[in-house]
Amino acid sequence: MLKFLLACVMLMPLVNSWWAVQSSLFIISFIMGVYCCHDFSSYMMGWCFNMDSLGYILILLSFWITALVVCSSQKVLKENNYPSLFLLVNICLLFFLIMTFSANDYLLFYISFESSLIPTLILILGWGYQPERLQAGVYMLFYTLFASLPLLVSLISLYNMSGSLTLGLVEGVSGNGFISCIWYAVTVFAFIVKLPMFLVHLWLPKAHVEAPVAGSMILAGVLLKLGGYGLIRVLPLFSEANKELSWLWVSISLVGGVVVSLMCLRQVDMKALIAYSSVAHMGLVLSGLVVFGWWGLNGAVVVMIGHGLCSSGLFCLANMVYERVGSRSLLISKGLMNFMPSMALWWFLLSAGNMAAPPTLNLLGEISLIISVVSWSKISMVAISLLSFFSAAYTLYMFSLSQHGKYYSALFSCCSGKVREYLILMLHWLPLNLLILKSSSIMYIL
């Protein structure tokens, strides 16, 4: 834990040099990845005393996505839009994420979990595009804070009962009575809003649409994973109550995922479509987590990693189109294959990842989740089949509408893509497809 925090703190004096921060983030990510692939167990024993493999993988994802965020936000540097402050906010966000994923105390986890909201809010309000970003920021703030205050009360109650809030030492809540079920519901609700589950997801599309590319990438890539990580940590404390109420979360998630998929089919805003698709994917993740079997748990973690890379890459692509065309509307940003033919390949590859096509990491995770949820209840096959079908449908809808057709007549000249942009997209796509080669070791260590 201290190694990662120290690396993060050492980046703060470098905020006046954009290239130094960017290079340092990539070097740290590369070293972590090499150690993870080479010999995970000896690395963990030697360097990270209070962290398990799940926290380590999510910290690696945080470093990687932050490096790609800095690389893709060159417009901030080019326009001199407070680049040093922008880097400082991103490093602070990375610091809080490391604290969250490496905390071995529930109270420290809660404080870090909530603190990550502040840099995200600053990113949306400070570098967002439109005046509506104020409303989006307020939505995000009130949704997450309203849900997380009962979690604090729950943690204090657990401390009074157990005398400790250290992971592994907290005494679980036994029984499945009315009080236990209410206690369980208010505890997991904070993470369900952060995930987010259907019915409490309205803050996510608003935040994504109004956020700059950095905000969208880090929100989709890492911040949504805080909800899943929190559920993995908290659900073992409420095993009896979870067995009684898991049907509620699975039903809402699967039916809500189908409804959100239908909403995706009528979106004309690129970023809104990608944001709603995140809600559909996270619905399946939530179903696998509350069933809490081996297949569901491992599948949920794999999908969280795969979705973090794929969704972040799609937001990056949408931003590249927005910088050239000046609009996120699919009705205006169509026929892109005519004047950005090389970029169409990356649209196709990341769209294939979004619909869980082989050989992406999403395919392995979704197969594991489907096995888990169907083994829990055969009726869920209906919702899962519809969810899988519509997932492919809205992804193909986005790809075909944006790439095919006649392009906007006001476009006279356009750059087909810079080397930096192709590098960013490749660094999203390569881990998404190559990690499946190490997927057996990932599922083993989890």
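The name an unreviewed UniProt entry gives the chain is NADH-ubiquinone oxidoreductase chain 4, with Penaeus japonicus as the organism. Listed under Sequence similarities (unreviewed entry) in UniProt, the entry text for the chain is "Belongs to the complex I subunit 4 family." Heading Catalytic activity (unreviewed entry) of the UniProt record for the chain holds this comment: "a ubiquinone + NADH + 5 H(+)(in) = a ubiquinol + NAD(+) + 4 H(+)(out)".

Further remarks concern the packing of aromatic side chains. Scanning all chains against the criterion turns up 17 aromatic pairs. Arranged with centres 5.1 Å apart and planes meeting at 85°, the rings of F101 and Y229 form a pair that is edge-to-face. Pair noted here: F101 is in helix α6 (residues 83–102) and Y229 is in helix α12 (residues 213–234), with a separation of 128 residues, a long-range link. Owing to a relative accessible area of 1%, Y229 belongs among the buried residues under this scheme. Taking 6.2 Å as the distance between ring centres and 80° as the angle between the ring planes, the aromatic pair formed by W346 and W429 counts as edge-to-face. Of this pair, W346 sits in helix α17 (residues 341–354) while W429 is found in helix α20 (residues 419–434), placing the two residues 83 residues apart along the sequence. Overall, the relative accessible area of 12% leaves W346 in the buried class. Among the residues examined, W429 registers a relative accessible area of 22% and is labelled partly exposed. An aromatic cluster is built from F101, F109, F113, F191 and Y229, whose rings are joined through pairwise contacts. Cation over ring: K194 sits above F113, and NZ or CZ is 5.6 Å from the ring centre. The aromatic ring of Y139 is capped on one face by K206, whose charged end is 5.0 Å from the ring centroid.

Quick look at a nonpolar patch on the surface now. Where nonpolar side chains cluster on the molecular surface, the patch consists of I27, F30, I31, V34 and Y35 and spans about 490 Å² of accessible area. If you trace the backbone, F30 turns up in helix α2 (residues 18–38).

Attention now moves to the pattern of salt bridges. What the rule picks out here adds up to four salt bridges. The salt bridge involving D269 is made with R328; its shortest N-O contact spans 3.2 Å. With D269 in the loop between α13 (239–264) and α14 (270–291) and R328 in the loop between α15 (294–325) and α16 (336–339), the pair connects residues that are 59 residues apart, well separated along the chain. With relative accessibility at 17%, the residue D269 sits in the buried group. For E421, the salt bridge is made with R324, and the minimal N-O distance between the two is 2.8 Å. One end of the pair, E421, is in helix α20; the other, R324, is in helix α15, with 97 residues separating them in the sequence. When its relative accessible area of 2% is taken as the criterion, E421 is described as buried. Of the residues examined, R324 reaches a relative accessible area of 16% and is grouped as buried.

Cut-offs applied
- Residues numbered from 1 in each chain as written.
- Predicted model: local features only at pLDDT ≥ 70, side-chain atom pairs only at ≥ 80, totals over all residues.
- Heavy atoms only, no water.
- UniProt positions renumbered as here; feature names shortened; annotations may be inferred.
- Phe/Tyr/Trp six-rings, centres within 6.5 Å; stacked < 30°, edge-to-face > 60°.
- Helix = DSSP H or I, 4+ residues; strand = E, 2+ residues; numbered from the N terminus.
- Buried < 20%, exposed > 50% of the residue type's maximum accessible area, 1.4 Å probe, protein only.
- Lys NZ or Arg CZ within 6 Å of the ring centre and 35° of its normal.
- Patch = residues over 30% accessible without salt bridge, like charges linked within 9 Å, V, L, I, M, F, W, Y side chains within 5 Å.
- Areas by Shrake-Rupley, 256 points an atom, 1.4 Å probe, with all protein chains shown as cover.
- Salt bridge = Lys/Arg side-chain N within 4 Å of Asp/Glu carboxyl O.

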